[in-house]
Amino acid sequence: PDRILDDRHDLVDFVSPDRSRASNDGTSFTPQEWSTPLSKHRDVDGRRVLATGEGRWKSLGSERPFTYLEVNFDRISFDSGTTVSNSRPKTDASTVGCR
């Protein structure tokens with residue numbers, strides 16, 4: 001697996017070539033590349049945290065990449081009891097608290 005960092009040392013992608021994709025009938029599996037492009041990070045109470053990302057299967061042959069997961073963290077809580085909320089209105093993602 002490859003971890004890709006940007007200039008700020010934020011994780012911006014994680015790529016793994018060793019995931020398996022089930023056939024339509026579920027009887028066989030084909031190795032397929034999988035990635036997690038992470039597009040936004042922010043600073044919260046002195047910590048750099050992920051704000052937005054995806055889970056994506058790489059295409060096979062002529063298929064387009066398949067995004068099966070979209071994540072947007074609207075609120076993040078730490079064990080210290082501090083909660084930081086995003087000022088943007090909630091989109092299609094549910095509010096998630098991380099502890």
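Everything discussed here concerns the structure shown above.
For clarity, every value in this text was computed on a predicted model and none was experimentally measured.

Draft legend 1. Spotlight on the overall build of the protein chain. Each helix and strand counted, the protein chain has 0 helices and 8 strands in total. Traced from its N-terminal end to its C-terminal end, the protein chain shows the element sequence β-β-β-β-β-β-β-β. Here the protein chain holds 99 residues, and the buried ones make up 26% of them. In the protein chain, the share of contacts with a sequence separation of at least 24, taken over all contacts with a separation of at least 6, comes to 23%.

Draft legend 2. Broad picture of the pattern of salt bridges. Summed over all chains, the structure comprises 4 salt bridges. The structure contains a network of salt bridges with shared partners spanning Arg8, Asp10, Asp43 and Arg48.

Draft legend 3. Main features of a nonpolar patch on the surface. Judged by side-chain polarity, Phe66, Tyr68 and Leu69 come together as a nonpolar surface patch covering roughly 300 Å² of accessible area. Positionally, Phe66 belongs in strand β6 (residues 66-72).

Draft legend 4. View of the pairing of strand β1 (residues 2-5). Of the pairings in the sheet, the one linking β1 to strand β2 (residues 11-22) comprises 4 bridges and is antiparallel in character. If you follow Asp2 over to β2, its bridge partner there is Val15.

Draft legend 5. Fine view of the environment of Ala22. Relative to the helices and strands, Ala22 resides in strand β2. The partly exposed category is assigned to Ala22, whose relative accessible area is 38%. Excluding its chain neighbours within four sequence positions, the residues that come into contact with Ala22 are Ser28 and Phe29.

Draft legend 6. Summary view of the side chain of His41. Along the chain, His41 turns up in strand β4 (residues 38-44). The class for His41 is buried, based on a relative accessible area of 19%. Separated by 2.9 Å, the side chain of His41 and the backbone oxygen of Leu11 make a polar contact. With residues near it in sequence (within four places) discarded, His41 still touches Asp10, Leu11, Val12, Arg48, Val49, Leu50 and Ala51.

Draft legend 7. Spatial organisation of unusual backbone geometry. In this structure, His9 is a non-glycine residue whose phi angle is positive, near 70°. Locating His9 in the fold gives a position in the loop between β1 and β2. One non-glycine residue, Asp45, adopts positive backbone phi at about 50°. With respect to the helices and strands, the residue Asp45 is situated in the loop between β4 and β5 (47-57).

Draft legend 8. Molecular detail of the packing of aromatic side chains. In this structure the tally under the stated criterion is 3 aromatic pairs. Here Trp57 and Tyr68 contribute two aromatic rings whose centre-to-centre distance is 6.3 Å and whose plane-to-plane angle is 40°, an arrangement assigned as tilted. You can see Trp57 sitting in strand β5 and its partner Tyr68 sitting in strand β6, a full 11 residues away along the chain. Judged by centre distance (6.5 Å) and plane angle (25°), the ring pair of Phe66 and Tyr68 falls under stacked. Residue Tyr68 is classed as partly exposed on the basis of its relative accessible area of 37%. Members of the aromatic cluster, connected to one another through ring pairs, are Trp57, Phe66 and Tyr68.

Parameters and conventions
Position labels on residues start from 1 in each chain and follow its written sequence. Owing to the predicted nature of the model, reporting of local features is limited to residues with pLDDT of at least 70; listing and counting of side-chain atom pairs is limited to 80 or more, with chain, interface and lining totals taken over all residues. The side-chain numbers reported here are obtained from all heavy atoms of the structure, hydrogens and water having been left aside. Secondary structure elements are defined from DSSP: runs of H or I of at least 4 residues count as helices, runs of E of at least 2 residues count as strands, and each element is numbered from the N terminus. Burial classes follow relative accessibility: with a 1.4 Å probe on protein chains only, a residue under 20% of its type's maximum area counts as buried, one over 50% as exposed, and anything between as partly exposed. Residue contacts are defined here by distance: any two heavy atoms, one from each residue, within 4.5 Å place the two residues in contact. By convention in these notes, a salt bridge is any Lys or Arg side-chain nitrogen within 4 Å of a carboxyl oxygen on Asp or Glu. Residues enter a patch when their relative accessible area is above 30% and they make no salt bridge; the linking distance is 9 Å between like charges and 5 Å between nonpolar side chains (Val, Leu, Ile, Met, Phe, Trp, Tyr). For accessible areas, the Shrake-Rupley method is used with a probe of radius 1.4 Å. Any residue's cover is judged against the shown protein chains and nothing else. Think of it this way: DSSP has to see at least two bridges between two strands before they count as a pair. Polar contact is defined as a pair of N or O atoms within 3.5 Å, subject to the rule that within protein one atom must be able to donate a hydrogen and the other to accept it, and that residues adjacent in sequence are counted only when both atoms are side-chain atoms. Working definition: rings of Phe, Tyr and Trp (its six-membered ring) pair if their centres are within 6.5 Å, and the pair is stacked with planes under 30 degrees apart, edge-to-face with planes over 60 apart, and tilted otherwise.

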